[in-house]
Structure formats: C-alpha cells, structure tokens
Amino acid sequence: MMNMTLRQLTLFQAVAQHLSFTRAAIELSLTQPAVSIQIKQLEGHIGMPLFEQIGKRIFLTDAGHKLYATCEDIFERLNSLETSLNELQGSIKGQLKIAVVTTATYFVPRLFQAFSRIYPEVNLRLQVDNRVKILERLTNNKDDLVIMGQAPEHLNVTAHSFLNNPLVVLASSQHQLTGQSKIPLTRLLQENILMREVGSGTRLAIEKNFANNHLEMRTKIELGSTEAIKQGILANMGVSILSKHAVSLELATKKISILDVETFPLQRTWYVTHLTEKELSLVARTFLEFLLTNAQKVVEQDIF
Ligand code: PGA
C-alpha cells in the first residue's frame with residue numbers, strides 16, 4: 001500500500017469523479033489503457049478492487065469510496081501547502097475557492113476578472129448553489145470565502161458587506177402593471193408570483209417582507225432557478241421579485257421592467273463571509289480587501 005504514487009491517486013480521483021475511464025483519460029490527456037493499467041496497479045497495492053462494473057457502468061466499491069475521501073483530503077492539503085509556500089515567498093498566487101449563492105453568479109465572475117487583471121496568477125474555483133447548500137459548505141469550512149445575501153445568525157462567522165443588493169419587482173414590458181405607479185402590495189398578490197425553490201435566500205427575503213406587512217403569500221408557481229424565473233417573466237407567466245443584479249441585461253434591453261410596488265425595492269446587501277476562527281490565506285485576504293474597496297465601483301460601472 002505504501003508504494004502507491006501521487007500520480008496513481010490523481011488518475012484514480014479523475015476516474016472516480018467521472019465514473020468513466022475514458023473521460024478520465026481525456027481529461028488527463030492519456031490513453032484509456034494507460035489509465036486502466038495504473039488503476040490495476042493501485043488496486044494491487046490496496047489489495048482490493050476500487051471499482052465494480054455493472055452492465056456498462058462503473059461504480060466505486062466500499063474501498064473505492066474510502067480511497068476517494070482520502071484523496072480529497074490529500075489533495076486539499078497539498079493545495080494549501082502550495083498556497084502557504086507562496087505566502088512564504090510573499091507572492092499572491094494559487095487557488096482561490098469561493099462559494100456563492102446562485103444570484104451572485106451574475107456579478108462574481110466580473111469581479112474576479114477585475115481582480116485577476118491585478119493578480120493574474122490566482123486561479124478561481126467557484127461553487128454555486130442556493131442559500132441552504134452554501135450554508136452547509138460554510139459550516140463545513142469547504143471554501144476560502146463565501147458570498148451570500150444574508151449572513152447566518154446561528155454560526156460564528158465574520159461577515160463584511162461589500163455591495164448593494166436591491167430586490168425589485170419585475171414583469172414583462174408587456175405586462176398590464178408595467179408603467180403604473182405606487183402599486184399596492186395587496187395588488188401584487190392578485191398576480192401569479194413566480195418564486196424560487198425553498199432554500200433560496202431570495203425567497204426567504206420576499207416571504208419575510210410580506211410577513212412584515214402582515215400579508216400571506218401563496219406560491220402558485222415555483223421555478224427552481226433564477227434563469228427559469230427570467231424566462232417565465234419574459235413569457236408573461238407572471239411577475240417576480242429578484243435581485244436587480246440578475247436582470248441587468250434584460251433591463252438594459254427593456255425586455256423586463258421594474259414595477260413600482262409599495263415597500264420595494266427591498267434594500268439588501270451582499271456579504272462576503274468566513275468562519276470567524278478560519279485563518280484566511282494571503283490570496284483570500286487580498287481578494288476580500290479587493291471586494292471591500294472595489295466591488296461597488298466595478299459592478300456599478302459595468303451593469304447599472
Ligand atoms: P439565492 O440567494 O440565490 O439562494 O436566492 C440569494 C440571496 O441570499 O440573496
């Protein structure tokens with residue numbers, strides 16, 4: 001077992017991620033037999049099969065699952081070693097792992113692009129999911145930094161607000177309410193309100209706003225992503241409430257309009273967070289500093 005090599009573990013990890021020898025070989029620019037031979041040798045060191053084949057598909061065996069978890073640990077540690085060695089040299093390079101809630105995908109790549117003009121040797125690994133899933137990642141300390149619309153109260157986190165996040169009511173430019181002013185909140189309830197899935201931070205903020213105004217909102221149409229909601233608005237299926245950042249293009253081309261509804265826009269803020277006890281890498285600290293100083297400017301210039 002002690003004779004297994006890092007190279008073999010890299011190959012094993014690729015096969016396990018794709019559950020395919022062919023796709024792993026393509027990813028690593030190798031031939032499929034070369035990958036198979038190395039995995040066979042690795043199985044020899046372990047003394048047990050790592051994959052089992054059922055029909056045309058392959059699956060990890062129990063031993064495979066255990067080795068996969070170990071690989072994740074080893075490569076994670078090697079990555080942080082690389083980052084710490086870079087830090088010792090005082091250079092800002094290496095990997096930056098950021099997790100963001102879905103809505104933030106509309107501006108985070110832009111911010112990273114502006115950042116990488118100054119620090120071209122930093123690589124980004126972005127994880128995207130809804131609020132509930134991203135909170136799970138934050139709790140388990142999976143990323144360098146986490147970007148979300150509301151900092152969690154039950155966790156010991158440090159949260160810096162770095163960007164405005166107006167939530168606006170949106171309708172197709174053809175919608176009958178478009179152009180009307182001071183629309184009462186109760187009037188909005190007569191419309192089909194297209195809502196994100198349970199677990200979405202946007203949905204949470206909207207429900208809170210209606211509850212604060214002593215109104216009950218019944219979700220008739222639930223669409224599981226911001227993109228699906230945008231398509232629903234464009235098809236005039238109903239109205240919705242989203243972050244203004246998510247619809248900058250549609251607003252600019254006047255395909256979607258902002259409705260003037262009482263209590264809106266809801267003024268929220270984007271937060272960049274991490275567990276308070278976490279020791280941030282130099283790369284993460286530099287990106288955090290960049291967000292606090294430049295994010296509002298970069299996003300405003302680009303999309304508003
Ligand atoms: P969501 O989060 O993408 O899960 O809706 C957005 C937010 O928290 O503002």
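Conventions we followed
- Residues numbered from 1 in each chain as written.
- Predicted model: local features only at pLDDT ≥ 70, side-chain atom pairs only at ≥ 80, totals over all residues.
- Heavy atoms only, no water.
- Pairing = 2+ DSSP bridges.
- Helix = DSSP H or I, 4+ residues; strand = E, 2+ residues; numbered from the N terminus.
- Expected span 1.5 Å × (residues − 1).
- Near = heavy atom within 4 Å.
- Polar contact = N/O pair within 3.5 Å; in protein donor to acceptor, adjacent residues only side chain to side chain.
- Areas by Shrake-Rupley, 256 points an atom, 1.4 Å probe, with all protein chains shown as cover.

Engineer: How should the pairing of strand S6 (residues 157-172) be read in this particular structure?
Structural biologist: Put simply, side chains in a regular strand alternate between the two faces of the sheet. Pairing between S6 and strand S11 (residues 266-275): 10 bridges, direction antiparallel. Across the sheet, the residue bridging to Asn165 is Arg268, located in S11. By the bridge criterion, four bridges tie S6 to strand S9 (residues 239-243) in an arrangement that is antiparallel. Note that in S9 the partner of Leu170 across the bridge is Ser240. By the bridge criterion, four bridges tie S6 to strand S10 (residues 256-259) in an arrangement that is antiparallel. Within S10, the residue paired with Leu170 across the bridge is Ile258.

Engineer: Sorry if this is basic, but what is going on with helix H3 (residues 32-46) here?
Structural biologist: Every α-helix winds through 3.6 residues per turn, so residues three or four apart in the chain are directed the same way. With 15 residues, H3 ought to run about 21 Å at 1.5 Å a step, and its terminal C-alpha atoms sit 21 Å apart, in line with that. Of the residues flanking the end of H3, it is Gly47, one or two places downstream, whose phi is positive at about 85°.

Engineer: So what exactly am I meant to see when it comes to the site of the ligand here?
Structural biologist: Around the ligand sit 13 residues, and of these Thr102, Thr103, Ser200, Thr202 and Arg268 come closest. One of the side-chain N or O atoms of Thr103 is found 2.8 Å from an oxygen atom in the ligand. One nitrogen or oxygen atom from the main chain of Gly201 is found 3.0 Å from an oxygen atom belonging to the ligand. Bound to the protein, the ligand loses 99% of the 280 Å² it would expose on its own. Mapped onto the shell around the ligand, the elements with two or more residues apiece are helix H8 (201-212) and S11.

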